[in-house]
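Coordinates in review
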Amino acid sequence: QQQQQQQEAQRDRQAQKERQAQKDRQHAETQQANTEAAVEAAADGEFAVGALVKYWSASHKLWIDAKVLKVNRGEGGAAVSSYDLNCKSQAEAKNVCHGTTPINAPGPKEEDAA
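Residues numbered from 1 in each chain as written. Predicted model: local features only at pLDDT ≥ 70, side-chain atom pairs only at ≥ 80, totals over all residues. Heavy atoms only, no water.

Quick look at the nonpolar core
The cut-off we apply is this: Put simply, buried Ala, Val, Leu, Ile, Met, Phe, Trp, Tyr and Cys residues joined by side-chain atoms within 4.5 Å make one nonpolar core. Buried means the residue's accessible area, taken with a 1.4 Å probe over protein chains only, is under 20% of the maximum for its type, while exposed means over 50%, and partly exposed covers the values in between. Every helix listed is a DSSP run of H or I at least four residues long, and every strand listed is a run of E at least two residues long, numbered separately from the N terminus. Any pair of residues with heavy atoms lying within 4.5 Å of one another is described as a contacting pair.
Residues F47, A51, V53, Y55, A66, V68, V80, Y83, L85, A91 and V96 constitute the largest nonpolar core, which totals eleven residues. Those elements giving two or more residues to this core turn out to be strand 1 (52–57), strand 2 (62–73) and strand 3 (80–85). Ranked by residues supplied to this core, first place goes to strand 3 with three residues. Ignoring sequence-local partners within four residues, the contact set of Y83 consists of E46, F47, V68, K70, V71, N72, K88, S89, Q90, A91, A93 and V96.

Here it is, written out as structure tokens:
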């Protein structure tokens, strides 16, 4: 019986290691996707769908984590007018920045954020 318990404990540890390895792989894939999106955004001057960004919350007076769900373009379809984020739809582009921005970084200038 003791041997059986040891075998079960070993199987549990192995299963836990496999679950952690899967989580680590998923985390690495997410980071890679976000890095690629950020590079693409920097090259294009905009954020791609799926990019992890920060959104300036005027009510909280800080940057909050967000994910781009949709890019909204102005007339003619050239310039980005706003983003649909997981926390705010129609977020003005000037209130969205790179996801690496510290949450306590200064927000957009008042005249820009209005």
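Looking at the side chain of E46
Our working rule: Polar contact criterion, stated in full: a pair of N or O atoms within 3.5 Å, where within protein one must be able to donate a hydrogen and the other to accept it, and residues adjacent in sequence count only if both atoms are side-chain atoms.
Take E46: it is sitting in the loop between helix 1 (2–44) and strand 1. Relative accessible area serves as the criterion here: at 17%, E46 is assigned to the buried category. A distance of 2.5 Å separates a polar atom in the side chain of E46 from a polar atom in the side chain of R73.

As far as function goes, none of this settles anything; it's purely spatial.
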